[in-house]
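Architecture at a glance
Residue strings, one per chain:
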Amino acid sequence: MEEGLFLTEHSIQIGKRGSTYSKDEIDKARELGFEIVTAEEMFKLGIDKVAQMIQERVGYVKVFVTFDIDFIDSAYAPGTGTPEVGGPTSREALELIRKGLKGLNFAGFDLVEVYPQYDPGFITALLAVNIVFEFISLIASNKKNTLTLQSSRPLKVLALWEKIYKQIFKMPIGLRSS
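Heads up: these notes are all about the structure in this document.

Calculation criteria
- Residues numbered from 1 in each chain as written.
- Predicted model: local features only at pLDDT ≥ 70, side-chain atom pairs only at ≥ 80, totals over all residues.
- Heavy atoms only, no water.
- Helix = DSSP H or I, 4+ residues; strand = E, 2+ residues; numbered from the N terminus.
- Contact = heavy atoms within 4.5 Å.
- Areas by Shrake-Rupley, 256 points an atom, 1.4 Å probe, with all protein chains shown as cover.
- Buried < 20%, exposed > 50% of the residue type's maximum accessible area, 1.4 Å probe, protein only.
- Arc of directions from axis to C-beta.
- Lys, Arg positive; Asp, Glu negative; His and termini not counted.
- Salt bridge = Lys/Arg side-chain N within 4 Å of Asp/Glu carboxyl O.
- Pairing = 2+ DSSP bridges.
- Right-handed = clockwise from strand over helix to strand, strands pointing away.
- Core = buried A, V, L, I, M, F, W, Y, C linked by side-chain atoms within 4.5 Å.
- Axes fitted to C-alpha atoms, helices over the stretch in contact; angles between N-to-C directions.
- Parallel < 35°, antiparallel > 145°, perpendicular 65-115°, else oblique.
- Left-handed = near helix turned anticlockwise from the far one by under 90°.
- Nonpolar A, V, L, I, M, F, W, Y, C, P; charged D, E, K, R; others polar.

**A few points about the overall build of the protein chain**
When you go through the protein chain residue by residue, the secondary structure sums to 7 helices and 4 strands. If you list the helices and strands of the protein chain from N to C, you get β-α-β-α-α-β-α-β-α-α-α. In the protein chain, of all internal contacts separated by at least 6 residues, the share reaching a separation of at least 24 is 70%. If you sum the accessible surface of the protein chain, you get close to 10500 Å²; carbon and sulfur atoms cover 58% of it.

If you want it as structure tokens, here you go:
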């Protein structure tokens, strides 16, 4: 932000919660121009309203999405360096991604804070793979973005992702429920 690399008036942070965040931090972010929706506010508003807020806030500009896995309740994503209770379920997170990010003009995305050493059952890794798959699927289905890509590129990306998924989990993507 200090370097002017993104537009705070089109930026939104969803799901802040926990003892590590003070009211001051949220107020400072808002003063800088970010829209902040705390976890408490998110649950009161509901997935559909928060998804609408994302769509309206981001609008037509290119968007880079950073998804922090500790957004999700630690019961569903224990393999993170900063687990916090009180977040959404994996189902709620996927619904928010599908509704809130649909049709956005992606510049890119990432998923952070997955720590396999804290995830012996691979619960978090499986969720992370599915979240990234959702991102790729959104890009592939977004006509605005596919017009700027070679026509076969989204399919090649999905095929590559399926290969990676199979190597990690030793099962084809087709077995996942949606």
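**With respect to helix α4 (residues 90-100)**
What α4 keeps buried is the set A93, L94, L96, I97 and G100. One side of α4 holds all its buried residues, which, seen down the axis, span an arc of 160 degrees.

**Let's talk about the side chain of D73**
With respect to the secondary-structure elements, D73 resides in the loop between β3 (62-68) and α4. Although D73 is buried, it makes no salt bridge; R17 carries the closest opposite charge, 5.5 Å away. Among residues more than four places away in sequence, those in contact with D73 are R17, E84, V85, G86, G87 and P88.

**Remarks on the pairing of strand β4 (residues 105-112)**
For β3 and β4, the ladder comprises 7 bridges, and the chain directions are parallel. What sits directly across from F67, in β4, is L111. Considered for its hand, the β-α-β crossover made up of β3, α4 and β4 is right-handed.

**Description of the nonpolar core**
Membership of the largest hydrophobic core comes to 29 residues, with the highest contact counts inside it found for I54, F67, I69, I72, L96, L101 and I131. The set of elements that each furnish at least two residues to this core consists of α3 (47-58), β3, α4 and α5 (123-141). The biggest single contributor to this core is α3, with 6 residues. What I69 contacts, discounting residues up to four positions off in sequence, is A77, T80, L111, V112, E113, V114, T124, L127, A128 and I131.

**Concerning the packing of α4 against α5**
Two numbers describe how α4 lies on α5: the axes approach to 10 Å, and their chain directions differ by 15 degrees. One finds that α4 runs roughly parallel with respect to α5. Seen along the crossing, α4 lies across α5 with a hand that is right-handed. Across the interface between the two elements, S90, L94, I97 and R98 from α4 touch L127, N130, I131, E134, F135 and L138 from α5. Here the contact of α4 with α5 is composed, by residue class, of 6 nonpolar, 2 polar and 2 charged.

Geometry only, nothing functional implied.
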